[in-house]
Amino acid sequence: MKDFFINLYDLAKIFWGNKKNWTSWLILGIVIGIGVFMVSLNVMINDWNKHFYDAIAAFEVDKIFSLIREYLIYIGLYIFVSVYRTWLRKLLIIRWRKAMTDYFMTRWFSQKIFYKLAQKNKMDNPDQRIAEDIYLFAKYSLELTLSFLLNFVQLGSFLIILWNLSGAPSFNLFGYDVVIRGYLVWVALIYAFLGSVVTHIIGRKLHPLNYSQQVYEATFRGNLVRKSDQAEQIALYGGEQTEKSKLSEDFAKIAKNWRAIMDKERNLGFFTVGYSHFSSTLALLCAIPLLLLKIITFGGLMQIRSAFGTVLGSLSWFIYAYNLLPEWVATISRLSQFKKEMAEFEKHGSSSHQIQDSQASENAVSVKNLSIFTIEKQPLLQHLSFDIKVGEWVYLKGQSGLGKSSLLRTLSGIWMFYDGEYVIDQSNSLFIPQKSYLNSGSLTELLSYPNLPNHSLAQLNEVLAKVGLTKWQDRLDEVHPWNLVLSQGEQQRIIFARILLLRPTLLCLDEATANLDENSAITLMQLLRQHLPNSTIIFTSHQQRIGQFADREIDLTGYLVTD
């Protein structure tokens, strides 16, 4: 329980602890103020109940119509402030959600944590935690907190009313006269306490079930998105039935867990529905003796019914909120885990093995006694030591699966599974992986990635011509699903166009021409020689003729780990 409140505070202060959000505190104060005003209206309506029903019992027609007009004023005010309270509450939710989304996305994308989390494979679906858990956290935190505060204020107001209405009736118990002051208050307290205990006993298993449900739902959605992204490959393989089978297995977990939640909520519902309906009757049953003893009037009976229901409703906050609490607790747990995992990467992000400033050195890259491992901690390469001078072109040789890509990932700062030291100038570096990434948007945005568009149309058209994509000239505003429209070879030409626009001082190419014929690959490498004469370039390729562009080769075979 202590950890829960620590995690809740830790997450809440992201938004509410920021001094820039003082206007949100003001809005929150207004919302609470409106809530207090609504309680005051309820108190006045409760008092109105006595006068109205007494007037009906006495057949005082003029008074009845006067009280009806008074009631309409109360209701009009209640509707007005209630609507604005809801509107302001939703405004706070979207502000809170935006601030937390910015916070988590900023940290997720810093120090390449989004990639490292995927490598570590310790935490499921960070995308779902950002897209949905943050929304649920903001929504439930605000709604539960405001409803708790409102119920607390309401309880304080109506507890006094109910105590005074209860009087001090005496009962004969086993031959003794017993006087119970405020006995209706004690009835409400005992009834609500017993109801809360039973609710928790019945519903406590909902907490782990709701957590699991969020995991299963996120996994299913994520797998659907991945199938859409890989639609062409699946279609070419004819793997539809296999993919459908896997998705069906994912959904089966959702359905099974959902049924378990249904069963628990059904059992809880049997109690809470009965508890709620009997509570209105309980007020009358307990107040009838006061009416028979002529301590209260018929109007007083209606007033007691209203006050008792309000007090019991406030005392039963835990019972009525119980269906939301498990999901709220689950979102807090998932977001706290996400935050802690990112903090771990940030803590160790600037490892002593990795230094990222070599501007004063004649070497663009220096590697000393570097060993690289797989994700499963199996050794790939060991005791690598070499220097690469500024402006030098280096060809990394070695068989497939030897670890060339892992070495480039390590130098880029995204591979965590290594030991040793390396020094690299990353002030203006670019690392191109084997698989091209094509972002969504217009062709201009595609060419400008990872930067925002900042080149003229003439520059973009010129670079398209250089890389052999003349058919796309003057079509820069077009938006397409680029991974489907462009062939694999054209996608790699787009990557070279990006390189020419970005002009990195350090460039690492991992099989960047694998989908092109050798002549086309040579033409593109010649472009780099021509337009990036002072850049340091490290590259791998299985096209033998590409190696001719290197000033030097490093054969990694000699560093291969052997049994």
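Residues numbered from 1 in each chain as written. Predicted model: local features only at pLDDT ≥ 70, side-chain atom pairs only at ≥ 80, totals over all residues. Heavy atoms only, no water.

Taking an unreviewed UniProt entry as the reference, the protein is identified by name as ABC transporter ATP-binding protein/permease belonging to Ursidibacter maritimus. Quoted verbatim from the Subcellular location (unreviewed entry) heading of the UniProt record, the comment on the protein is "Cell membrane". (UniProt positions renumbered as here; feature names shortened; annotations may be inferred.)

## So, unusual backbone geometry
Here the amide bond leading from Tyr-449 into Pro-450 is cis, since omega sits at 10°, within 30 degrees of zero. When you line up the elements, Pro-450 lands in the loop between helix H14 (443-448) and helix H15 (457-466). Residue Phe-59 is not a glycine yet carries a positive backbone phi of 55°. Along the chain, Phe-59 turns up in the loop between helix H2 (22-57) and helix H3 (61-109). Look at Asp-474: it is not a glycine, yet its phi comes out positive at around 60°. Looking at where Asp-474 falls in the secondary structure, it is placed in the loop between H15 and helix H16 (482-485). (Helix = DSSP H or I, 4+ residues; strand = E, 2+ residues; numbered from the N terminus.)

## Regarding the pairing of strand E9 (residues 506-510)
In terms of residue burial, E9 counts as a mostly covered element, since five of its five residues are buried. Of the two faces of E9, the one lined by Leu-506, Cys-508 and Asp-510 and the one lined by Leu-507 and Leu-509 are each fully buried. With four bridges connecting them, strand E8 (residues 429-432) and E9 associate as parallel partners. If you follow Leu-430 over to E9, its bridge partner there is Leu-507. Taken together, the five bridges between E9 and strand E10 (residues 536-540) define a ladder with parallel strand orientation. The residue bridging Asp-510 from the neighbouring strand is Thr-540, located in E10. Taking the sense of rotation as the criterion, the β-α-β connection linking E9, helix H18 (residues 518-531) and E10 turns out right-handed. (Buried < 20%, exposed > 50% of the residue type's maximum accessible area, 1.4 Å probe, protein only. Pairing = 2+ DSSP bridges. Right-handed = clockwise from strand over helix to strand, strands pointing away.)

## Let's talk about the nonpolar core
If you look at the biggest cluster of nonpolar residues, it comprises 46 residues, and the most contacted ones within it are Trp-96, Met-100, Phe-104, Phe-137 and Trp-328. Among the elements that make up this core, the one with the highest residue count is helix H5 (residues 126-166) (nine residues). Apart from the residues within four sequence positions on either side, Phe-137 is in contact with Leu-8, Leu-11, Ala-12, Trp-96, Met-100, Trp-328, Thr-331, Ile-332 and Leu-335. Of all hydrophobic cores here, the second largest spans 40 residues; its members include Leu-443, Ile-494, Leu-507 and Ala-521. (Core = buried A, V, L, I, M, F, W, Y, C linked by side-chain atoms within 4.5 Å. Contact = heavy atoms within 4.5 Å.)

## Digging into H18
In an α-helix there are 3.6 residues to a turn, and that puts residues three or four apart on one side. With 14 residues, H18 extends 20 Å between its outermost C-alpha atoms, agreeing within 8% with the 20 Å of an ideal straight helix rising 1.5 Å per residue. All of the buried residues along H18 are Ser-520, Ala-521, Ile-522, Leu-524, Met-525, Leu-527, Leu-528 and His-531. Between the side-chain oxygen at the start of H18 and the backbone nitrogen of Asn-519 there is a gap of 3.2 Å, and the oxygen is on Asp-517. (Expected span 1.5 Å × (residues − 1). Polar contact = N/O pair within 3.5 Å; in protein donor to acceptor, adjacent residues only side chain to side chain.)

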